[in-house]
Amino acid sequence: MCTTCGCGDPELVPVELHEKILAGNDRAARHNREHFTEAGVLALNLMGSPGAGKTAVLEATARAAAGRWRLGAVSADLATDNDARRLQAAGIPSRAITTGQACHLDAELVHRVLHDFPWRETDVFFIENVGNLVCPAIYDLGQAANVVVLSVTEGEDKPLKYPVMFKAADLVLLAKCDLLPHLEVDPERIEDALAQVMPRPRMLRVSARTGEGMDRWLGWLEEMRAPLLARRRPGAIAPGASWGHVHAHPRGPGTGHGRG
Amino acid sequence: MHEYSLVQALVERVEAEARARRATAVHRVVVSVGELSGVDPELFRTAYETFRDGTVCRDAPLELRRVEAVWRCPACQRAIQRGAALSCPACARPAELAPGSGEILLETLEMEVP
């Protein structure tokens, strides 16, 4: 500072932060995760290319799990609510999230839709992400696990082309396996590719059309539900309860609702 | 193309830091981009150049540091060769990503403080 008059000579200060740019999204995701976990709801982030068969897998899941679990879904698309309507018709209470130009969901978008959706009345809650193998991978939504739907027509080396997506996957559903007799595609080569990008590779072959593999998929869901079940003891949740808390939704720094 | 929303998050974070420290200007922003962060460094730079006008970052050039992805064994720290399966050749443990490989981090800012 100037010793004559006290005026401040500006000083250049280095500030070390080493902080994730998505820290704001991660905070919102933790908030969602606490709610899902506390309510004993298995929340899954379902990702995959456009046309991979995400919605069809959920429709088949509704058929296979009928009477066993209560399912629910939010379904994100750039422009329509077609998928949510398909899921609704399949018996899965659903809500559409229309993202406009945004290519992915983020934790706050999911949080907002949960406020007017009876997600607590579900056992398994699917968050069907925007069809995109790039951007959705880096946004934590508060899910218990990431499931990537990869269809057999997409090429054996797809995991190598999109390593960021597949490294984030806890499970890969190889969809449309009923088409395999008509294609020169070897699922084992897909598994080899997955082993190069997923440290704990796990893939199930399924067909929404024939129902192939749905039993193994439901088995995986059951396995994932196990740690949550203890929380569903009678009295642990009030049936029909909504969020049960009131809070403002300030746009904290870094929640990243920008287009893109 | 999520680079724009990432830049928006970055600029909001820098603005918050500048406010907290009553900084009058920001002169440098250092960001590290991991190879497996899902972020294209050049797109990120383009987004930053487009977005920073009229923000606290207007006079702050962006320094990008690229971090090569390294998968390694969590026990013996042995790096996994590129193109190999992601488990340790010695003990078969699932590999882990080395810090920075899969992240995009705001590392350092340089600010003018009165």
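What you are looking at is a predicted structure, and each value in this text was computed from that prediction instead of being measured. (Residues numbered from 1 in each chain as written. Chains lettered and ligands numbered in written order. Predicted model: local features only at pLDDT ≥ 70, side-chain atom pairs only at ≥ 80, totals over all residues. Heavy atoms only, no water.)

Asker: How would you explain the overall build of chain A if you had to name every residue and give the values?
Answerer: Of regular secondary structure, chain A possesses eight helices and eight strands. Across the 260 residues of chain A, 53% fall into the buried class. The long-range fraction of contacts in chain A, counting pairs at least 24 apart against all pairs at least 6 apart in sequence, stands at 76%. (Helix = DSSP H or I, 4+ residues; strand = E, 2+ residues; numbered from the N terminus. Buried < 20%, exposed > 50% of the residue type's maximum accessible area, 1.4 Å probe, protein only. Contact = heavy atoms within 4.5 Å.)

Asker: Please give an account of the interface of chain A and chain B that cites residues and values.
Answerer: The interface of chain A with chain B comprises 39 residues on the first partner and 39 residues on the second. Here chain A and chain B share one salt bridge between them. Two residues, Glu19 of chain A and Arg13 of chain B, come together in a salt bridge whose shortest N-O distance is 2.3 Å. Linking chain A with chain B are 12 residue pairs in polar contact (both at pLDDT 80 or more), by the criterion used here. Of the residues that constitute the side of chain A that touches chain B, the class distribution is 20 nonpolar, 10 polar and nine charged. As judged from the eight bridges shared by strand S1 (residues 11-20) of chain A and strand S5 (residues 104-113) of chain B, these two strands associate in the antiparallel manner. Bridging across to S5 of chain B, Lys20 of chain A finds its partner in Leu105 of chain B. (Salt bridge = Lys/Arg side-chain N within 4 Å of Asp/Glu carboxyl O. Polar contact = N/O pair within 3.5 Å; in protein donor to acceptor, adjacent residues only side chain to side chain. Nonpolar A, V, L, I, M, F, W, Y, C, P; charged D, E, K, R; others polar. Pairing = 2+ DSSP bridges.)

Asker: Quick one: what's the story with the pairing of strand S1 (residues 25-34) of chain B, residue by residue and with numbers?
Answerer: Residue and element names in this part refer to chain B. In terms of burial, S1 is largely enclosed, as eight of its 10 residues are buried. Sheet topology note: the S1/S5 ladder contains eight bridges and is antiparallel. Bridging from a neighbouring strand, Val26 pairs with Met111 of S5.

Asker: Run through a negative patch on the surface, naming residues and quoting values.
Answerer: Together, Asp186, Glu188, Glu191 and Asp192 of chain A make up a negatively charged patch on the protein surface. With respect to the helices and strands, Asp192 of chain A occurs in helix H7 (residues 187-197). (Patch = residues over 30% accessible without salt bridge, like charges linked within 9 Å, V, L, I, M, F, W, Y side chains within 5 Å. Areas by Shrake-Rupley, 256 points an atom, 1.4 Å probe, with all protein chains shown as cover. Lys, Arg positive; Asp, Glu negative; His and termini not counted. Charge placed at Lys NZ, Arg CZ, Asp CG, Glu CD.)

Asker: Residues and numbers for the side chain of Ser75 of chain A, please.
Answerer: Residue and element names in this part refer to chain A. Topologically, Ser75 is positioned in strand S3 (residues 71-77). Looking at Ser75, the relative accessible area reads 2%, which means it is buried. At 3.1 Å, the side chain of Ser75 forms a polar contact with the side chain of Glu128. Non-local contacts of Ser75, meaning those with residues more than four positions away in its chain, are made with Asp83, Ala84, Leu87, Arg95, Ala96, Ile97 and Glu128.

Asker: Before we move on, could you go through the confidence of the model for chain A and cite the residues and values that matter?
Answerer: Any region with low pLDDT has predicted coordinates that should not be read closely. Residue-level pLDDT values for chain A average 88, and 85% of them are 70 or greater. Confidence over residues 248-260 of chain A falls short of pLDDT 50; this stretch has 45 contacts with residues more than four positions distant or in other chains. (pLDDT = per-residue confidence, 0-100.)

Asker: For unusual backbone geometry, give the residues involved together with the corresponding values.
Answerer: The backbone phi angle of His18 of chain A is positive, close to 45°, even though this residue is not glycine. For His18 of chain A, the position within the fold is in strand S1. Backbone geometry places Arg22 of chain B, a non-glycine residue, at a positive phi of 50°. Of note, Arg22 of chain B is situated in the loop between helix H1 (3-20) and S1. On the accessibility criterion, Arg22 of chain B (69% relative accessible area) is exposed.

Asker: A description of the packing of aromatic side chains should follow, citing residues and the corresponding values.
Answerer: Residues and elements named next belong to chain A. Throughout the structure, instances matching the rule amount to five aromatic pairs over all chains. Pairing Phe36 with Trp119 gives two aromatic rings, centres 5.2 Å apart and planes at 85°, and the pair type is edge-to-face. Of this pair, Phe36 sits in helix H1 (residues 23-39) while Trp119 sits in the loop between helix H4 (107-114) and strand S5 (124-128), placing them 83 residues apart in sequence. Residue classification places Trp119 among the buried positions, given a relative accessible area of 1%. A network of ring pairs unites the aromatic residues Phe36, Phe117, Trp119 and Phe125 as a single cluster. (Phe/Tyr/Trp six-rings, centres within 6.5 Å; stacked < 30°, edge-to-face > 60°.)

Asker: Tell me about the pattern of salt bridges, and please be specific about residues and values.
Answerer: Residue and element names in this part refer to chain A. With the rule as written, the count across this model stands at 25 salt bridges over all chains. Here Arg68 ties to Glu222 by a salt bridge, and the two come within 2.9 Å at their closest N and O atoms. Of the two residues, Arg68 is situated in the loop between helix H2 (54-64) and S3 and Glu222 in helix H8 (residues 214-229); the sequence distance between them amounts to 154 residues. Of the charged contacts in the structure, one is a salt bridge between Arg70 and Asp123, with a shortest N-O distance of 3.2 Å. Of this pair, Arg70 sits in the loop between H2 and S3 while Asp123 is found in the loop between H4 and S5, placing the two residues 53 residues apart along the sequence. Put simply, Arg68, Arg70, Asp123, Glu222 and Arg225 are held in one network by salt bridges that share partners.

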